[in-house]
Amino acid sequence: MSGVRAGRWAAGAVLPGELVLLVCWVAGVRLPGWALAVAEALVLCVLLLEATVLGRLYADRRGRGADRGRAWREAVRAVVPAPVRKLLLHELRAMASLTRWVLRRPPHGVAAGELAARYTGPQTAMMYGFVFVSVVETVALAFLIPWPAVHRVVLVLDVYGVLLVLAMHAACVNRPHVFRRDGSLRIRYGALFDLTVPPDAVASVRVDRRYPEGRLVSLAEDGVLDLIVGSQTTVTLELTRPLPFVRPLGSRAEARAIRFHADDPRRLVAALRRSGPDGAPPRAGARGDGGAGAR
């Protein structure tokens, strides 16, 4: 177990360490040659440690009868921390969404006859603004950085940053909220958040525009989950029971109510009200579409 703990620590520390070295290099901080040699030697030792621990765990799982795929998955879960795995998985899904977006494929997870509710309206301009700023920064640094090696590294990072921003937006476009034929509602934000609300868990739903403060996924002490897009939410969903959900970095919590954004909230709310548990529409809520807080 000590080897596994060392491997987990190494997996969580090697990337920040490399990033610190890169930032120092780009900023013009001249590190002594021995410091760079020691740093690279440490990184090499970490990679060898990771490979050794993974190999031993894989062999152990195989010896217990697991197939190759299951053995590798269990070995990776034991060594690589959950937040690191989640971040890598989010990036892979986002890049896959960018490919689907470029190829104009149908939205992910939306079957025939199901309602796809988009939510990218408030953030589209901001995302393209990020892309524009990143492109300007890339061009500017190409003229400002005199060292060819540093310029190539920064160019790769900037291009990857632009692709990642586009991929995050593409993931939101290709992964809308989905009101399914069985009456369940799948609430998503790109590749970062995914929660399915069964029809019997819906107590009431209403159009309710709010401007909460906080992170993308914010859980209040009273159990209200805010899934914020462009600093706003437009739909409030009251639940009959607490629902468990997974945060973007893998931690788990429960929500008693959910506030999220939809570009056309009235259409989504109307669909939810027409299809409650056992065919009975959910309660409209005390305030309804035109009550206080709705605009």
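Residues numbered from 1 in each chain as written. Predicted model: local features only at pLDDT ≥ 70, side-chain atom pairs only at ≥ 80, totals over all residues. Heavy atoms only, no water.

1. Quick word on the overall build of the protein chain
Stage number 1. For the protein chain, the count of helices and strands is 7 helices and 9 strands.
Stage number 2. A burial count over the protein chain gives 39% of its 295 residues as buried.
Stage number 3. Within the protein chain, contacts between residues at least 6 apart in sequence are counted, and of these 67% link residues at least 24 apart.
Stage number 4. For the protein chain, the computed accessible surface area is about 16,600 Å², with 62% contributed by carbon and sulfur atoms. (Helix = DSSP H or I, 4+ residues; strand = E, 2+ residues; numbered from the N terminus. Buried < 20%, exposed > 50% of the residue type's maximum accessible area, 1.4 Å probe, protein only. Contact = heavy atoms within 4.5 Å. Areas by Shrake-Rupley, 256 points an atom, 1.4 Å probe, with all protein chains shown as cover.)

2. Digging into helix 7 (residues 265-274)
Stage number 1. The complete set of buried residues in helix 7 reads P265, L268, V269, A271, L272 and R273.
Stage number 2. In this fold, the buried residues of helix 7 make contact with strand 1 (115-117), strand 2 (177-179), strand 3 (185-189), strand 5 (202-210), strand 8 (233-246) and strand 9 (252-260).

3. Observations concerning the side chain of D208
Stage number 1. Inspection of the secondary structure assignment puts D208 in strand 5.
Stage number 2. Taking relative accessible area as the criterion, D208 reaches 0% and is therefore assigned buried.
Stage number 3. In this structure the side chain of D208 is engaged in a polar contact, spanning 2.8 Å, whose partner is the side chain of R210. (Polar contact = N/O pair within 3.5 Å; in protein donor to acceptor, adjacent residues only side chain to side chain.)

4. Some remarks on the confidence of the model for the protein chain
Stage number 1. When the pLDDT values of the protein chain are averaged, the result is 78; 70% of them are 70 or greater.
Stage number 2. Per-element confidence in the protein chain ranges from a low mean pLDDT of 51 for helix 1 (residues 2-26) to a high of 97 for strand 2. (pLDDT = per-residue confidence, 0-100.)

5. Some remarks on the sheet that holds strand 8
Stage number 1. Spatially, 5-8-9-7-6 is the arrangement adopted by the 5 strands of the open sheet, whose pairing is mixed. Only two strands of the sheet have a single partner each, and these edge strands are strand 5 and strand 6 (217-219). Across the sheet, the mean angle separating the axes of adjacent strands is 35 degrees when strand polarity is ignored.
Stage number 2. Of the pairings in the sheet, the one linking strand 7 (residues 224-227) to strand 9 comprises 4 bridges and is parallel in character. Its bridge partner being in strand 9, V224 is matched across the sheet by A257. (Pairing = 2+ DSSP bridges. Axes fitted to C-alpha atoms, helices over the stretch in contact; angles between N-to-C directions.)

6. Side note on the nonpolar core
Stage number 1. Counting 37 residues, the largest nonpolar core has I187, F193, V197, L237, I258, F260 and L268 as its most contacted members.
Stage number 2. Top contributing element to this core by residue count: strand 8, with 5 residues.
Stage number 3. Once you skip the residues sitting within four places of it in the chain, L268 turns out to touch L115, A117, F179, L185, F260 and A262.
Stage number 4. Among the nonpolar cores identified, the runner-up in size contains 5 residues, and L98, A167, A170 and A171 belong to it. (Core = buried A, V, L, I, M, F, W, Y, C linked by side-chain atoms within 4.5 Å.)

7. Examining the pattern of salt bridges
A side chain with one charge can pair with a side chain of the opposite charge if their charged atoms come near.
Stage number 1. Tallied over the full model, the rule gives 6 salt bridges.
Stage number 2. Among the salt bridges present, the one from R241 reaches D200, with a minimum N-O distance of 3.5 Å. Linking R241 in strand 8 with D200 in the loop between strand 4 (193-197) and strand 5, this pair joins segments that are 41 residues apart in sequence.
Stage number 3. The class of R241 is partly exposed, set by a relative accessible area of 35%. (Salt bridge = Lys/Arg side-chain N within 4 Å of Asp/Glu carboxyl O.)

8. A few points about the packing of helix 5 (residues 121-144) against helix 6 (residues 148-174)
Stage number 1. At a closest axis distance of 10 Å, the pairing of helix 5 and helix 6 adopts a crossing angle of 170 degrees. Put simply, helix 5 runs roughly antiparallel to helix 6. The segment helix 5 lies against helix 6, with Q123, T124, M127, Y128, F130, V131, S134, V135, E137, T138, L141 and A142 engaging H151, V154, L155, D158, V162, V165, L166, H169 and C172. (Parallel < 35°, antiparallel > 145°, perpendicular 65-115°, else oblique.)

9. Side note on a nonpolar patch on the surface
Stage number 1. On the surface, a nonpolar cluster with roughly 290 Å² of combined accessible area is contributed by F132, V133 and V136.
Stage number 2. Considering the arrangement of structural elements, one finds F132 in helix 5. (Patch = residues over 30% accessible without salt bridge, like charges linked within 9 Å, V, L, I, M, F, W, Y side chains within 5 Å.)

10. Some words on helix 6
One turn of the α-helix equals 3.6 residues, which is why residues spaced by three or four share an orientation.
Stage number 1. Between its first and last C-alpha atoms helix 6 spans 38 Å; for 27 residues at 1.5 Å apiece the expected length is 39 Å, and the two agree.
Stage number 2. Listed as buried for helix 6 are V150, V154, D158, V162, V165, A167, H169, A170, A171, C172, V173 and N174. (Expected span 1.5 Å × (residues − 1).)

11. Notes on unusual backbone geometry
The general pattern is negative phi for most residues beyond glycine and trans for most peptide bonds.
Stage number 1. We note that R104 has phi near 55 degrees; this positive angle belongs to a residue other than glycine.
Stage number 2. Along the chain, R104 turns up in the loop between helix 4 (82-102) and strand 1.
Stage number 3. At S231, a residue that is not glycine, the phi angle is positive and equals roughly 65 degrees.
Stage number 4. Within the element layout of this structure, S231 appears in the loop between strand 7 and strand 8.

12. Let's talk about the pairing of strand 5
Stage number 1. Burial analysis of strand 5 places 7 of its 9 residues in the buried class, the great majority of the element.
Stage number 2. Relative to strand 8, strand 5 runs antiparallel, the two being bridged by 6 bridges. Within strand 8, the position partnered with R210 by the bridge is T233.

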